[in-house]
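Chain by chain, the residues run as shown.
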Amino acid sequence: MGQTTKFRAVLGILLLAVIFNTPCNAAEQSRAYQSGFSIVLKLGGELSEALPDKFGKQIDAPAIALQPQDSPVVSPIATTETKLTRQVVMSAGFIDLINHLCHAKAIDHIQPGYFDQYVKNLAAGTGGGVTQAPNIVEARFWTDNVINDQMSYFNQMIGFMMALNFSHHYLGHYTKYSPRMIGAGNKIGAINELLTPAEWEVSVRAAAVNSLDCALATDGCRALFQAIDKMPTRPAWASYVIPAHVDIKKLDKQLAHYEELFFRGQLK
């Protein structure tokens, strides 16, 4: 069975899991997030379709593939079976990570300081490449209002990460660096470890435009970058999100500026 076929088989299983495990009410005891892989798949398709034709045609459908592992991974990939397929791969562990971070950010609205403490605890609970997310169990943290905020942050955060990795295909970064991205055991390495500062900057701008074109504000991705900046020691998964050399405080201001320019009609 080819790599792409395996991804599709896993996708089918996970979509069934989403259907049967999504709660009717966010506050139910099951505490399951509604923002799962089905949402990621839909959002990835919308982002790729929003790209100009010359860029969008370099992303194949489905635009997102799932890697069923607990370690957080997001990366551009190209697979070959009957033809070359260019996608962004995202691990189940990465989706879980984003869900929990977005929930903590939403809770911060009703309990200021929660996000900072959550990030600290999250960093301490990361070992062996697997993120052990601290539990969020209080009923007041699972109200409809909080979960609606969580889902909004999720769309923004994970949408930007997909847009960022799409850009590595159409800007030529993946073609340039893919021979150096596969490590021992066929593990996918982080392209961010190879990008030059100029390549990163042009990808951030492209991702901002793509995300904002799909009505995804920069609040989510900025919260993700801020979370990494708050960690005393960056966990291994952070390299899939942002290069080590990036000044995150400067990046935060740049993303806010991009959003301001976009709504003035000055960012395209």
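The structure we're discussing is the one just above.
For clarity, every value in this text was computed on a predicted model and none was experimentally measured.

Undergrad: Lay out the packing of aromatic side chains in plain terms, naming residues and giving numbers.
TA: Under the counting rule described, the total for this entry stands at seven aromatic pairs. Arranged with centres 6.1 Å apart and planes meeting at 85 degrees, the rings of F160 and F225 form a pair that is edge-to-face. Note that F160 is positioned in helix α6 (residues 144–170) and F225 in helix α9 (residues 219–230), a separation of 65 residues in sequence. Judged by its relative accessible area of 1%, F160 falls in the buried class. Of the aromatic side chains, those joined through ring pairs into one cluster are Y114, Y118 and F141. In this arrangement the basic side chain of K105 is found over the ring face of F115, its NZ or CZ atom lying 4.9 Å from the centre.

Undergrad: How would you explain helix α10 (residues 248–263) if you had to name every residue and give the values?
TA: Between its first and last C-alpha, α10 extends 23 Å over 16 residues, near the 22 Å set by a 1.5 Å rise per residue. Taken residue by residue, α10 has I248, L251, D252, L255, Y258, E259, L261 and F262 as its buried positions. Measuring from the side-chain oxygen of the N-cap residue of α10 to the backbone nitrogen of K249 gives 3.2 Å; that N-cap residue is D247. Phi turns positive one or two residues past the end of α10, at G265, with a value near 80 degrees.

Undergrad: Explain the pattern of salt bridges residue by residue, including any values.
TA: Evaluated as defined, the whole model comprises eight salt bridges. Note that E138 and R140 form a salt bridge whose closest N and O atoms lie 2.8 Å from each other. As a salt-bridge pair, R264 and E260 come within 2.4 Å of each other at their nearest N and O atoms.

Undergrad: Can you tell me about the packing of helix α4 (residues 92–107) against α6, naming the residues and giving the values?
TA: Contact geometry for α4 and α6: axes closest at 8 Å, N-to-C directions at 135 degrees. In terms of orientation, α4 lies oblique with respect to α6. The two elements α4 and α6 meet at a crossing, and its hand is right-handed. In this structure, α4 contributes F94, I95, I98, N99, L101, C102, H103, K105, A106 and I107 to the contact, and α6 contributes V146, I147, D149, Q150, Y153, F154, M157, I158 and M161.

Definitions and limits used
- Residues numbered from 1 in each chain as written.
- Predicted model: local features only at pLDDT ≥ 70, side-chain atom pairs only at ≥ 80, totals over all residues.
- Heavy atoms only, no water.
- Phe/Tyr/Trp six-rings, centres within 6.5 Å; stacked < 30°, edge-to-face > 60°.
- Helix = DSSP H or I, 4+ residues; strand = E, 2+ residues; numbered from the N terminus.
- Buried < 20%, exposed > 50% of the residue type's maximum accessible area, 1.4 Å probe, protein only.
- Lys NZ or Arg CZ within 6 Å of the ring centre and 35° of its normal.
- Expected span 1.5 Å × (residues − 1).
- Polar contact = N/O pair within 3.5 Å; in protein donor to acceptor, adjacent residues only side chain to side chain.
- Salt bridge = Lys/Arg side-chain N within 4 Å of Asp/Glu carboxyl O.
- Axes fitted to C-alpha atoms, helices over the stretch in contact; angles between N-to-C directions.
- Parallel < 35°, antiparallel > 145°, perpendicular 65-115°, else oblique.
- Left-handed = near helix turned anticlockwise from the far one by under 90°.
- Contact = heavy atoms within 4.5 Å.

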